[in-house]
Amino acid sequence: QVQLVESGGGLVQAGGSLRLSCAASGSFASLIKMGWYRQAPGKQREMVAVIDDDDDTTYADSVKGRFTISRDNAKNTVALQMNNLKPEDTGIYYCYVNGIKVWTVTQWRTKWGQGTQVTVSS
């Protein structure tokens, strides 16, 4: 059982930066994968960045070199530093978790946060 709360969204001009944070809470031992997805109006939700419990990272090609994902297991948080933002980065960003460990059981279920709006003006 896990709940996710995002923060840090806002309005920024192209070339600017934002930092998103997500805090996980609930009854669990640890989380395997944490990350961020985004959805623009009229578009499908897409993976932005994911980090696993070994700190291995995966990024969408469109954000490589601009975004950096990190996690703090002691605080059960994941962050996304977004630099050199572009108008096409605009959308709702959702915190993502998959692989919830509870004692000897791993629950391979996806959990989503409520989302935070990121708007990049040109």
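About the thresholds
Residues numbered from 1 in each chain as written. Predicted model: local features only at pLDDT ≥ 70, side-chain atom pairs only at ≥ 80, totals over all residues. Heavy atoms only, no water. Pairing = 2+ DSSP bridges. Helix = DSSP H or I, 4+ residues; strand = E, 2+ residues; numbered from the N terminus. Axes fitted to C-alpha atoms, helices over the stretch in contact; angles between N-to-C directions. Salt bridge = Lys/Arg side-chain N within 4 Å of Asp/Glu carboxyl O. Buried < 20%, exposed > 50% of the residue type's maximum accessible area, 1.4 Å probe, protein only.

Peer 1: Help me out: how do you make sense of the sheet that holds strand E1 (residues 2-7) in this one?
Peer 2: Neighbouring strands of a sheet are bound in pairs by backbone hydrogen bonds; such pairs are parallel or else antiparallel. The strand order E1-E3-E8-E7 describes an open sheet built from 4 strands, whose pairing is antiparallel. Pairing within the sheet leaves two strands with one partner each, and these edge strands are E1 and strand E7 (67-72). Each neighbouring strand pair of the sheet contributes to a mean axis angle of 15 degrees, computed without reference to strand direction.

Peer 1: Is there a simple way to think about the pairing of strand E3 (residues 18-26) in this case?
Peer 2: Taken residue by residue, a regular strand's side chains alternate between the two faces of the sheet. As paired elements, E1 and E3 share 6 bridges and run antiparallel to each other. When the bridges of E3 are listed, Gln3 appears paired with Ser25. As paired strands, E3 and strand E8 (residues 77-82) are joined by 6 bridges and run antiparallel to one another. Note that in E8 the partner of Ser21 across the bridge is Ala79.

Peer 1: How should unusual backbone geometry be read in this particular structure?
Peer 2: Most peptide bonds take the trans configuration, and most residues that are not glycine carry a negative phi. One non-glycine residue, Asp55, lies in positive phi territory at about 65 degrees. Following the sequence through the fold, Asp55 ends up in the loop between strand E5 (46-52) and strand E6 (57-59). In the Ramachandran plot, Asn84 falls in the positive-phi region, its phi being about 50 degrees despite a non-glycine side chain.

Peer 1: For this particular structure, what's the right way to read the pattern of salt bridges?
Peer 2: Charged atoms that come close allow side chains of opposite charge to pair. According to the stated counting rule, one finds 5 salt bridges in the structure shown. Taking the shortest distance from any N to any O, the salt bridge between Arg38 and Asp89 comes out at 2.9 Å. In this pair, Arg38 sits in strand E4 (residues 30-39) while Asp89 sits in the loop between E8 and strand E9 (91-102), placing the two residues 51 residues apart along the sequence. On the accessibility criterion, Arg38 (6% relative accessible area) is buried. We note a salt bridge from Arg66 to Asp89, for which the minimum N-O separation is 2.8 Å. A residue pair is termed long-range when its members are at least 10 positions apart, and Arg66 in the loop between E6 and E7 and Asp89 in the loop between E8 and E9 qualify at 23 residues. Arg66 gets classed as buried once you look at its relative accessible area, which sits at 10%. Residue classification places Asp89 among the buried positions, given a relative accessible area of 1%. One continuous salt-bridge network, built from bridges that share partners, spans Arg38, Glu46, Arg66 and Asp89.

Limitation: the analysis is restricted to geometry and does not speak to function.
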